[in-house]
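# Tertiary structure, described
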Amino acid sequence: MNLSTIRAPKKSTEKKKRVGRGMGSGMGKTSTRGHKGQWSRSGARLIRGFEGGQMPLHRRVPKRGFTNIFREEYDVVNLDRLATLDEVLKKAGVVNGRQPVKILGNGELKTAITVHAHKFSKTAQEKITKAGGKFEVLQ
């Protein structure tokens, strides 16, 4: 690649469409808006989700249940995953660090390790202590 082979990207040298500049431009009179109708008028805009007067989808679909705004979501880690990792969970990419971490008791733990997390299931607590390790609850 050298200076003689460099070319401008496609459409970068195209001129901007100038509408409403007389009949000779080919875009005079209606300025490419067509005749009458909503989009020919100035100030034409629609509400998001508007379907031309038809009952919009978000109103047609039945609503069920409710969303608990106080719900706490946890990054879940099982014991078998802990056993394979010898490093910090965030560095290993197991948890994202934005949500609290909960340790579940799926799998077996053979080595004694100290686990720091926000929550533990009862089976996880039993298996950690049985393996000779400790668990510490973070706040």
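The rules behind each value
- Residues numbered from 1 in each chain as written.
- Predicted model: local features only at pLDDT ≥ 70, side-chain atom pairs only at ≥ 80, totals over all residues.
- Heavy atoms only, no water.
- Helix = DSSP H or I, 4+ residues; strand = E, 2+ residues; numbered from the N terminus.
- Rg over C-alpha atoms; globule rule 2.2 N^0.38 Å.
- Buried < 20%, exposed > 50% of the residue type's maximum accessible area, 1.4 Å probe, protein only.
- Contact = heavy atoms within 4.5 Å.
- Areas by Shrake-Rupley, 256 points an atom, 1.4 Å probe, with all protein chains shown as cover.
- Lys, Arg positive; Asp, Glu negative; His and termini not counted.
- Charge placed at Lys NZ, Arg CZ, Asp CG, Glu CD.
- Pairing = 2+ DSSP bridges.
- Phe/Tyr/Trp six-rings, centres within 6.5 Å; stacked < 30°, edge-to-face > 60°.
- Polar contact = N/O pair within 3.5 Å; in protein donor to acceptor, adjacent residues only side chain to side chain.

### Some words on the overall build of the protein
Check the secondary structure of the protein and you find four helices and five strands. The linear arrangement of helices and strands in the protein, starting from the amino end, is α-β-α-α-β-β-β-α-β. Over its C-alpha atoms the protein spans a radius of gyration of 31 Å, topping by over 25% the 14 Å that the globule rule assigns to 139 residues. Dimensions along the principal axes, computed over C-alpha positions, put the protein at roughly 90 × 60 × 25 Å. Looking at the protein as a whole, 17% of its 139 residues qualify as buried. Considering only contacts in the protein between residues 6 or more positions apart, those separated by 24 or more positions represent 29%. With the model as given, the accessible surface of the protein reaches about 12,300 Å², and the carbon-plus-sulfur share is 52%. Computed over 30 positive and 11 negative side-chain charges, the inter-centroid distance for the protein is 22 Å.

### Regarding the pairing of strand β1 (residues 75–78)
Only one face of β1 is covered, namely the face carrying D75 and V77; the face carrying V76 and N78 is uncovered. Bridging between β1 and strand β2 (residues 101–104) involves four bridges; their strand directions are parallel. If you follow N78 over to β2, its bridge partner there is L104.

### What to know about the packing of aromatic side chains
One pass over the structure, following the stated rule, counts one aromatic pair. Aromatic pair F120 and F135: ring centres 5.2 Å apart, planes at 50°, arrangement tilted. With F120 in strand β4 (residues 119–120) and F135 in strand β5 (residues 134–137), the pair connects residues that are 15 residues apart, well separated along the chain.

### Observations concerning the side chain of S121
With respect to the helices and strands, the residue S121 is situated in the loop between β4 and α4 (122–130). S121 sits in the buried class, given a relative accessible area of 15%. Within polar-contact distance, the side chain of S121 engages the backbone nitrogen of G105 at 3.3 Å. Other than its neighbours up to four places away in sequence, S121 contacts K102, I103, L104 and G105.

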